[in-house]
Amino acid sequence: MSRSIVRQSKFRHVFGQAVKAEQGYDDIRVSKVTWDSSFCAVNPKFLAVIVESSGGGAFLVLPLSKTGRVDKNYPLVIGHSGPVLDIDWCPHDDNILASCSEDCTAMVWQIPDHALTRPLSDPVVVLEGHSKRVGIVSWHPTARNILLTAGSDNLIIIWNVGTGEPLISMDDHPDLIYSVSWNRNGSLFCTTCKDRRLRVCDPRKREVVAERLAPHEGIRPMRAIFTRDGNIFTTGFTRMSQRELGLWDPTNFEEPIALLELDTSNGVLLPYYDPDANMVYLCGKGDSSVRYFEITEEPPYVHYLNTFSSKEPQRGMGFMPKRGVDVSKCEIARLYKLLDKKCEPITMTVPRKSDLFQDDLYPDTAGPEPAMEPEEWLDGRDEDPILVSMRQGYVPPKSRELKVVKKNVLDSRPTTRRSMSTLDTNSLPPQLLERLLEEIQNLKATVLSQEKRICDLENKLSQYTNGSA
């Protein structure tokens, strides 16, 4: 008698759960622009959402702790003169955000640690090089200050935002670029295009190193992302307009590693990838569900795990980097679902009975330190991300100021206010030092006398209230 063998995986029982209503973000006017981007970006400090605004483009930046109803007069980031199409947080500095717009520019912003008190209209740097609207911004995963932009002029430009100068320009695409994804060490990126081709590009050689015509036979938009193993995961449509996902080896594009039909729906499937767990979350615009899959080395290679469903359709989605999840609750992913008027966090959790740190769920993950400088990457060096342990939970690094200069880059030393104890007393004149010490002694004596007076008054008061006086 044959017995069915259940596939062993620690992620088989991952379940999604929406947070309580008071832990969401309400009264957000999510952008209605017709562009297939996620409209949302999140990191361990901030949530950013592209919103409706009159007279140009704007987006909202909230500290993660500022849950509940958002004031309708809450300050926005308002530098663009046309609708904002895409936003992306820098992986190496949680206060730096890139945005792009229909006004043909991309901008880089320094967000202060506290909540905005007035509209932010001055970007750190404006990147001007496209002749039509810019629809995609994507930071390099391991090199400091390298940013990729893709526009409707079919041009891809790679910038050094520390100098504000373009480093590389590629015009290999004959039509609109749908998506761009860097590989793990940033040596290559893959693109999908309206000409129905999937391309793998080497930016420093300025050439397409591999391409595949019609990985999905339908004419609707495709998406592609690199996995940690160097394979490419794609979403698209069949000839009969069924949604489909695929896994491809870029060194052999002839046959897919896996090809799986899903359902019939119009929404483009946006893939969000977790390289630590090798899981993909698929979120369709207009869908009310999130499907998630595990990619393994055993057939069928892409394993369906489960679906998180809710009542309302999503307008967009944000995906928290692994260093921002709650390890104490065995949370392996957190998505931020955009609805018409609010943003709803969804936690993805592996059920475990123990409260101890789960080593198998949390391997070392990519940290906020860049592995190399822009000049090193441009000279041909490749480095994997610098990993950090999740054991102690995530502690956000101090904010670093992005300085745009002619030569270099992020100033990693924040200015700090020096306390009296750190002053070099030897540098003070003896008379001034003596006067300061005398004043401190007088103030201490005054404080002590006032404290004694307060105690006497409190004793008298207690006597009166007890009726003894």
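Residues numbered from 1 in each chain as written. Predicted model: local features only at pLDDT ≥ 70, side-chain atom pairs only at ≥ 80, totals over all residues. Heavy atoms only, no water.

Caption draft 1: Region of interest: the overall build of the protein chain. Across its full length, the protein chain carries 2 helices and 33 strands. Per-residue burial for the protein chain yields a buried fraction of 50% across its 469 residues. Within the protein chain, residue pairs in contact and separated by at least 24 positions form 52% of the contacts whose partners lie at least 6 positions apart. Looking at the protein chain as shown, the accessible area adds up to about 23600 Å², and 49% of this sits on carbon and sulfur atoms. (Helix = DSSP H or I, 4+ residues; strand = E, 2+ residues; numbered from the N terminus. Buried < 20%, exposed > 50% of the residue type's maximum accessible area, 1.4 Å probe, protein only. Contact = heavy atoms within 4.5 Å. Areas by Shrake-Rupley, 256 points an atom, 1.4 Å probe, with all protein chains shown as cover.)

Caption draft 2: Fine view of the sheet that holds strand 22 (residues 258–264). Strands sit in the order 19-20-21-22 across an open sheet of 4 strands; the sheet is antiparallel. If you trace the sheet from one side to the other, it starts and ends with strand 19 (223–226) and strand 22, each paired once. Each strand axis lies, on average, 15° off the axis of its neighbour in the sheet, ignoring direction. When strand 19 meets strand 20 (residues 232–237), the two strands line up antiparallel, connected through 4 bridges. (Pairing = 2+ DSSP bridges. Axes fitted to C-alpha atoms, helices over the stretch in contact; angles between N-to-C directions.)

Caption draft 3: Examining the packing of aromatic side chains more closely. By the definition in use, this model includes 10 aromatic pairs. Arranged with centres 5.5 Å apart and planes meeting at 15°, the rings of Phe46 and Trp89 form a pair that is stacked. Remark: Trp89 occurs in strand 7 (residues 84–89) and Phe46 occurs in strand 4 (residues 46–51); sequence separation between them is 43 residues. Like Phe46, the residue Trp89 is buried in the burial classification. Through successive ring pairs, a cluster of aromatic residues spans Tyr272, Tyr281, Tyr292 and Phe319. Lying over the aromatic face of Phe237, Arg220 brings its terminal NZ or CZ to 4.7 Å of the ring centre. It is Lys285 that lies over the ring of Phe39; its NZ or CZ is 3.8 Å from the centre. (Phe/Tyr/Trp six-rings, centres within 6.5 Å; stacked < 30°, edge-to-face > 60°. Lys NZ or Arg CZ within 6 Å of the ring centre and 35° of its normal.)

Caption draft 4: Summary view of the environment of Val19. Turning to its location among the elements, Val19 is positioned in the loop between strand 1 (15–18) and strand 2 (25–26). Taking the relative accessible area as the measure of exposure, Val19 reaches 23% and is therefore partly exposed. Expressed as a C-alpha distance, the spacing of Val19 and Thr347, which sit 328 residues apart in the sequence, is 7.2 Å. Residues in contact with Val19, not counting those within four places in the same chain, are Gly24, Pro345 and Thr347.

Caption draft 5: Region of the structure containing the side chain of Ser181. Mapped onto the elements, Ser181 comes out in strand 15 (residues 177–182). Look at Ser181 and you get buried, because its relative accessible area is 10%. Polar contacts involving the side chain of Ser181 include one to the main-chain amide nitrogen of Phe226, which spans 3.2 Å. (Polar contact = N/O pair within 3.5 Å; in protein donor to acceptor, adjacent residues only side chain to side chain.)

Caption draft 6: Focus on the confidence of the model for the protein chain. Of all residues in the protein chain, 90% attain a pLDDT of 70 or more, and the chain-wide mean is 89. Below a pLDDT of 50 lies the segment residues 408–426, which in the model reaches 25 contacts outside its immediate sequence neighbourhood of four places, other chains included. (pLDDT = per-residue confidence, 0-100.)

Caption draft 7: Looking closely at the pairing of strand 26 (residues 302–309). Judged from the 7 bridges that link them, strand 25 (residues 289–295) and strand 26 form a sheet pairing that is antiparallel. Directly across from Ile295, in strand 26, lies its bridge partner Val302. Where strand 25 hands over to strand 26, the hairpin turn is made up of 6 residues, of which Tyr301 adopts a positive phi near 75°.

Caption draft 8: Highlighting the environment of Leu127. Among the secondary structure elements, Leu127 is positioned in strand 10 (residues 125–128). Look at Leu127 and you get buried, because its relative accessible area is 1%. With residues near it in sequence (within four places) discarded, Leu127 still touches Thr105, Ala106, Val108, Leu147, Trp159, Val161 and Gly164.

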